[in-house]
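Residues per chain are reported as follows:
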Amino acid sequence: MSHLSQVPEDPPSVEGGSLGARLADLLRRASRGDESAFALWYDATSARAYGLAVRVLRDRAQAEEVTQEAYLDCWRHAARFDPAKGSAVSWLLTVVHRKAVDRVRSAEAASRRDTAYGHREIAVAHDETAEAATASLEATRVRSALAGLTIKQREAVQLAFLGGYTHTEVAALLDLPIGTAKTRIRDGLIRMRDALGVGEVAQA
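The text that follows walks through the structure, step by step, so that each part is easy to find.

Reading guide: rules and limits
- Residues numbered from 1 in each chain as written.
- Predicted model: local features only at pLDDT ≥ 70, side-chain atom pairs only at ≥ 80, totals over all residues.
- Heavy atoms only, no water.
- Helix = DSSP H or I, 4+ residues; strand = E, 2+ residues; numbered from the N terminus.
- Areas by Shrake-Rupley, 256 points an atom, 1.4 Å probe, with all protein chains shown as cover.
- Buried < 20%, exposed > 50% of the residue type's maximum accessible area, 1.4 Å probe, protein only.
- Salt bridge = Lys/Arg side-chain N within 4 Å of Asp/Glu carboxyl O.
- Core = buried A, V, L, I, M, F, W, Y, C linked by side-chain atoms within 4.5 Å.
- Contact = heavy atoms within 4.5 Å.
- Phe/Tyr/Trp six-rings, centres within 6.5 Å; stacked < 30°, edge-to-face > 60°.

## Some thoughts on the overall build of the chain
- Tallying secondary structure elements over the chain gives eight helices and zero strands in all.
- Along the chain, helices and strands appear, N-terminal first, in the series α-α-α-α-α-α-α-α.
- Surface exposure of the chain reaches about 11,800 Å², of which carbon and sulfur atoms provide 51%.

Rendered as structure tokens:
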């Protein structure tokens, strides 16, 4: 697929069966080269993907670029989606989040290079290398904590806090009762809190 349409503000919902199962089916069809199935999947998920990119980048133009890049990646590698490891939406949001974070890091690195170039003669007030290492270590700890969750817990936590879904939306996407969705999110956050060694975890 060489071109994707502009990110819509309010994409249509996917009907026919449960939402999560329907989206997974569309992605499986897309992995076999079905462009119409991919277009439907795109329409049903792009607003949420774009919203996540905006939250990370805080720039709508860059968010649109990152969202389109993420969907092109998903189109090319749709066969990598494994429903046993999570929903189609959480798979997509993981791709979007990774690309958005990479864009932020690239911009920050460029800014640091420019600053260093313009202030070669000025002593640096703080150790940027140590700061970057600390940030990288913290990101690694969070990824490790997520990896320590069960697949069901990790999927629910990612949808709620990475994807920005409400408990009700998480329940719908995962085909769960609302109480079960809340329990998975809460239990996952407790396990992450323990793994990270922090006093408390924000509640959704």
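Right, picking up where we left off after that structure.
## A few points about unusual backbone geometry
- Within the chain, R58 stands out as a residue other than glycine whose phi angle is a positive 55°.
- With a relative accessible area of 73%, R58 lands in the exposed category.
- The residue D175 is not glycine, and still its phi comes out positive at about 60°.
- Its place among the elements puts D175 in the loop between α7 (167-173) and α8 (178-196).

## Quick word on the pattern of salt bridges
- Considering all chains together, one arrives at 10 salt bridges under this definition.
- A salt bridge links R48 to E169, with the shortest nitrogen-to-oxygen separation between them at 2.9 Å. Here the residue R48 occupies a position in helix α2 (residues 35-57), and E169 occupies one in helix α7, the gap between them amounting to 121 residues.
- Among the charged side chains, a salt-bridge network with shared partners connects R22, D25, R28, R29 and D34.

## Quick notes on the nonpolar core
- Counting residues in each nonpolar core, the largest one holds 50 residues, and the members touching the most others are W41, L159 and V170.
- Breaking this core down by element, the ones donating at least two residues are α1 (19-31), α2, α3 (60-76), α4 (88-118), α5 (128-147), α6 (151-162), α7 and α8.
- Sorting elements by how many residues they give to this core places α2 first, with 10 residues.
- In this structure W41 touches L23, L26, L27, Y71, C74, A88, W91 and L92, once residues within four positions along its chain are discounted.

## Quick look at the environment of A47
- Structurally, A47 can be placed in helix α2.
- By relative accessible area, which is 22% here, A47 ends up partly exposed.
- Placed 20 residues apart in sequence, A47 and T67 show a C-alpha to C-alpha distance of 9.5 Å.

## What to know about the packing of aromatic side chains
- Tallied over the entire structure, the rule returns six aromatic pairs.
- Between F38 and W75, the aromatic rings sit 5.1 Å apart at their centres with planes inclined by 65°, giving edge-to-face as the arrangement. With a gap of 37 residues between them, F38 in helix α2 and W75 in helix α3 connect regions that are remote in the sequence.
- An angle of 70° between the planes, with centres 4.5 Å apart, marks the rings of Y42 and Y71 as edge-to-face. Of this pair, Y42 sits in helix α2 while Y71 is found in helix α3, placing the two residues 29 residues apart along the sequence.
- Aromatic rings pair up to connect F38, W41, Y42, Y71 and W75 into one cluster.

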